[in-house]
Each structure stands twice: as C-alpha cells, then as structure tokens.
Amino acid sequence: MQATTHLCPCCGKPRSIAHLLELYERNYRMLLRLLPELDGHATRQRAVSRSEHDCPLHLEVVERDRYTQTLRLTYEFTDESGVRRQPDLWVRLYRDAAVAEALQCSQRPPWQAEDDADPAAHAFLSAQWRRNLLLNKWLDYLLERGHAFDPQPLPAVETVPV
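Residues numbered from 1 in each chain as written. Predicted model: local features only at pLDDT ≥ 70, side-chain atom pairs only at ≥ 80, totals over all residues. Heavy atoms only, no water.

Draft legend 1. Structural detail: the overall build of the chain. Helices and strands together make up the secondary structure of the chain, namely two helices and five strands. Counting from the amino terminus, helix and strand elements in the chain follow one another as α-β-β-β-β-β-α. When contacts within the chain are restricted to residue pairs at least 6 apart in sequence, those whose partners lie at least 24 apart make up 54%. As presented, the chain carries roughly 10,100 Å² of accessible surface, and 52% of it is formed by carbon and sulfur atoms. (Helix = DSSP H or I, 4+ residues; strand = E, 2+ residues; numbered from the N terminus. Contact = heavy atoms within 4.5 Å. Areas by Shrake-Rupley, 256 points an atom, 1.4 Å probe, with all protein chains shown as cover.)

Draft legend 2. Here's a closer look at the nonpolar core. Within the largest apolar cluster, 23 residues are counted, with the highest numbers of intra-cluster contacts made by L31, L34, L57, L73, L139 and F149. When residues of this core are traced back to their parent elements, those giving at least two are α1 (17–34), β2 (54–64), β3 (68–79), β4 (82–94), β5 (99–103) and α2 (119–144). Sequence-distant contacts of L73, defined by excluding residues within four places in its chain, comprise L31, L34, L57, H58, L59, P87, D88, L89, W138, L139 and F149. Within the second largest apolar cluster, six residues are counted, among which are L23, Y24, V99 and W129. (Core = buried A, V, L, I, M, F, W, Y, C linked by side-chain atoms within 4.5 Å. Buried < 20%, exposed > 50% of the residue type's maximum accessible area, 1.4 Å probe, protein only.)

Draft legend 3. Representation of the packing of aromatic side chains in the model. Tallying each qualifying case throughout the model produces two aromatic pairs. Relative to W138, the ring of Y75 lies with its centre 5.3 Å away and its plane at 75°, an arrangement referred to as edge-to-face. Here W138 lies in helix α2 and Y75 lies in strand β3, a separation of 63 residues in the sequence. For the pair shown, Y75 and W138 are each scored as buried. Ring-pair connections join several aromatic residues into one group, and the members of that group are Y75, F77 and W138. (Phe/Tyr/Trp six-rings, centres within 6.5 Å; stacked < 30°, edge-to-face > 60°.)

Draft legend 4. A look at the sheet that holds β2. Overall, antiparallel pairing links the five strands, which are arranged β1-β2-β3-β4-β5 in an open sheet. Two strands bound the open sheet, and with one partner strand each, they are β1 (46–51) and β5. Put simply, the sheet's adjacent strands are angled 25° from each other on average, direction ignored. Pairing of β1 with β2 involves five bridges; the strand directions are antiparallel. Bridging from a neighbouring strand, V48 pairs with H58 of β2. Strands β2, β3, β4 and β5 of the sheet are contacted by α1, whose axis makes an angle of about 100° with β5. (Pairing = 2+ DSSP bridges. Axes fitted to C-alpha atoms, helices over the stretch in contact; angles between N-to-C directions.)

Draft legend 5. Looking closely at α1. Helix length check: α1 (18 residues) gives 26 Å between terminal C-alpha atoms against 26 Å at 1.5 Å per residue, within 8%. Of all the positions in α1, only H19, L20, L23, Y24, N27, Y28, M30, L31 and L34 are classed as buried. (Expected span 1.5 Å × (residues − 1).)

Draft legend 6. Representation of the pairing of β1. With burial as the criterion, only one face of β1 is covered, namely that bearing A47, S49 and S51; the residues R46, V48 and R50 on the opposite face remain uncovered. Between β1 and β2, which pair antiparallel one after the other, the connecting turn spans two residues.

Given below as structure tokens:
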C-alpha cells in the first residue's frame, strides 16, 4: 500500500513545517492589512468592520501578552435560536516572530511526536494546515471585500500585565 503524499497548495511540494510557517507569515501580513493598529499593539477589545459588499466582521481581543495576542474573528448571525458565529476563528499572533496561527480553540492539544512517521504528528499538522489555509483564504476574501478595522484606537482596556 502506497503512502498518500499531501502537497502544499502554494507550490505543489510535499507539506512541511517550513511551508506551514510560511503560511503563518502570510496570514500575519494579511492581518496587518486588515487591522493596521496590530503592529502598534492595539488597545481595543472589540471592533466591527463594515463593508458594502459583505456581512459585518467582528473582532475580539481574547488575550494580550507582551509578545502574543489572541484574536477572535467571526461573522455573527442572529436568529430565533440566538447568536451564531460562523466562521469563528481564533488566531494567535506572535508579534516578535511576525506570524499568525489559526487555533481551533484557545488551547492547542498537546502531542509528542516520536518521529516524522508518527500518526499523532501527521494528524496535528494536517489539522493545522486546514485551519490556517481557511484563515488565509478568508483573510484574502475579507480584504477583497473592503474590510478593514479603523486604525483610530478606542479607549484603552485592561490588559494582561507583562
């Protein structure tokens, strides 16, 4: 039985951690375009971007530390059952490394890889690829639709001590 090779959509080469980190870098640069104050260590807690061509985009700063920041990007739909968020992406920004990683939730599951053939490592990397490709394509879509958060800071909010 032949092993299935998963190829990187950007270059057609087998997926690697290096390619995943390149995707993280692209996502960070697109987030800087969407949220210009990101590089200036934004002080806002919540914001909404409105576009003529798309639904309002909601941003929430979930956690802020000296070198990292966790954001939640989502559309919010309200119906008789309440508020539904979709897609609902949590993104961890590493400002010192200039990368952005899409998280499934606020905590990543721990795993220990024995070697490159470890199924747990393969499953983890496959999940990372899916989430981060989704983030990459959605950010591209949002920027094409004219989304951007106002660079004017809102009143300061309490931050995590550094």
